[in-house]
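# Secondary and tertiary structure notes
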Amino acid sequence: MRKLIVISMISLDGVMQAPGGPQEDTSGGFEYGGWVAPFGDESSGKVMLEKMKPTDLLLGRKTFDIWEPYWPAHAAYWPGINEVTKYVLSATRTQSDWQNTVFLQNVDDIHALKNAGGADIKIWGSSELVQLLLQHDLVDELSLIIHPVILGKGKKIFGDDAFPRTFTLTSSITTTTGVIFADYQRAGDIVTGTAGPD
């Protein structure tokens, strides 16, 4: 079974919209595109190169629409991006000129993809897709890149209908600018109790 690994740059309040640049995604009047730029340093660059190693990708349609014209022209910055298979969940699109693109129609297609043989699949961006995967308990790992900023509004990684689940921290790195790279692996059910004295 293939693992689904969510990689997301998020603010302290869980916003993941348009981390890369001012024009990346201005939907909803979002004004802070490119909010990760001030926090880059040498150590974060090294970790990002590791996370960008070639592997198949699963993307939401909106993220794919942003990536489709951009990455083929900037492939030198992400070696292998053109060669890996890009699975796209979309109810409206069925084809693309970007090589190795496969369109999926629904959650059942994602289940089939996950149950097929092959390497693990990474999900970048794609807030609605990530929320859908969490709702259906399909996320095996969360790789969160937490930036020390509160954005107040914007597309968020977590919705209110995620499947209740615990995760185990498997690794973490804090950069000189306060960015926390935290990797979590799916663990078990929620366990409750009383904190403090009875």
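Since we're looking at a predicted model, the values are computed, not measured.

### Considering the overall build of the protein chain
In terms of regular secondary structure, the protein chain is built from four helices and eight strands. Counted from the first residue to the last, the protein chain has its helices and strands arranged as β-α-β-α-β-β-α-β-α-β-β-β. Dimensions of the protein chain along its principal axes, counting C-alpha atoms only, are 65 × 40 × 30 Å. Going through the 198 residues of the protein chain one by one, you find that 44% of them count as buried. Surface accessibility of the protein chain: about 10600 Å² in total, with carbon and sulfur atoms responsible for 54%.

### Brief notes about the packing of aromatic side chains
Applying the stated rule across the entire model yields eight aromatic pairs. Taking the centre distance of 5.8 Å and the plane angle of 80 degrees together, the rings of F64 and F103 count as edge-to-face. Of the two residues, F64 is situated in helix α2 (residues 61-70) and F103 in strand β4 (residues 101-104); the sequence distance between them amounts to 39 residues. A ring pair is formed by Y70 and W71, whose centres lie 5.0 Å apart and whose planes are at 85 degrees; its orientation type is edge-to-face. Classification of W71 as buried rests on a relative accessible area of 13%. Aromatic ring contacts, followed pair by pair, group W67, Y70, W71, W78 and W124 into a single cluster. Here the basic side chain of K86 rests over the ring of W98, its NZ or CZ set 4.6 Å away from the ring centre.

### What to know about the nonpolar core
If you look at the biggest cluster of nonpolar residues, it comprises 28 residues, and the most contacted ones within it are L57, W67, W78, I81 and W124. Looking at this core, the elements that each hand over two or more residues are β1 (4-11), α1 (42-51), β2 (57-60) and α2. With residues up to four places along the chain from it excluded, the contact list for W124 reads I7, M48, K51, M52, L57, L58, L59, T63, W67 and W78. V107, L113, L133 and A182 belong to the second largest nonpolar core, which has 24 residues in total.

### Side note on unusual backbone geometry
Within the chain, N100 stands out as a residue other than glycine whose phi angle is a positive 60 degrees. Structurally, the position occupied by N100 is in the loop between β3 (86-89) and β4. The backbone of D137 sits at a positive phi, close to 55 degrees, despite the residue not being glycine. Within the fold, D137 resides in the loop between α4 (127-135) and β6 (141-147).

### Structural notes on the pattern of salt bridges
Considering all chains together, one arrives at 15 salt bridges under this definition. Put simply, K53 and E50 hold a salt bridge, and the shortest N to O gap is 3.3 Å. The partly exposed category is assigned to K53, whose relative accessible area is 46%. Close ionic contact of R186 with D137 constitutes a salt bridge, the shortest N to O distance being 3.3 Å. With R186 in strand β8 (residues 180-186) and D137 in the loop between α4 and β6, the pair connects residues that are 49 residues apart, well separated along the chain. When its relative accessible area of 27% is taken as the criterion, R186 is described as partly exposed.

Criteria and cut-off values
- Residues take numbers from 1 onward in each chain, read along the sequence in its written order.
- Reporting of local features is limited, given that this is a predicted model, to residues whose pLDDT is at least 70; pairs of side-chain atoms are given and counted only at 80 or more, and all residues count toward the totals for whole chains, interfaces and linings.
- Working from all heavy atoms in the structure, the side-chain values ignore hydrogens and water.
- Strands are runs of DSSP state E lasting at least 2 residues, helices are runs of H or I lasting at least 4, and numbering of each runs from the N terminus.
- Here the term buried applies to any residue with accessible area under 20% of the maximum for its type, exposed to any over 50%, and partly exposed to those in between, with areas from a 1.4 Å probe on protein chains only.
- The Shrake-Rupley method, run with a 1.4 Å probe, gives the accessible areas here. Residue values count only the displayed protein chains as cover.
- Aromatic pairs are defined between Phe, Tyr and Trp rings, using the six-membered ring for Trp, whenever the two ring centres lie within 6.5 Å; interplanar angles under 30 degrees are classed as stacked, those over 60 as edge-to-face, and all others as tilted.
- As a reminder, the over-ring test applies to NZ of lysine and CZ of arginine, requiring each to be within 6 Å of the ring centre and within 35 degrees of the ring normal.
- For this analysis, a nonpolar core means a set of buried residues of the types Ala, Val, Leu, Ile, Met, Phe, Trp, Tyr and Cys, connected via side-chain atoms within 4.5 Å.
- Any two residues having at least one pair of non-hydrogen atoms within 4.5 Å are treated as being in contact.
- One side-chain nitrogen of Lys or Arg within 4 Å of one carboxyl oxygen of Asp or Glu is enough to make a salt bridge.

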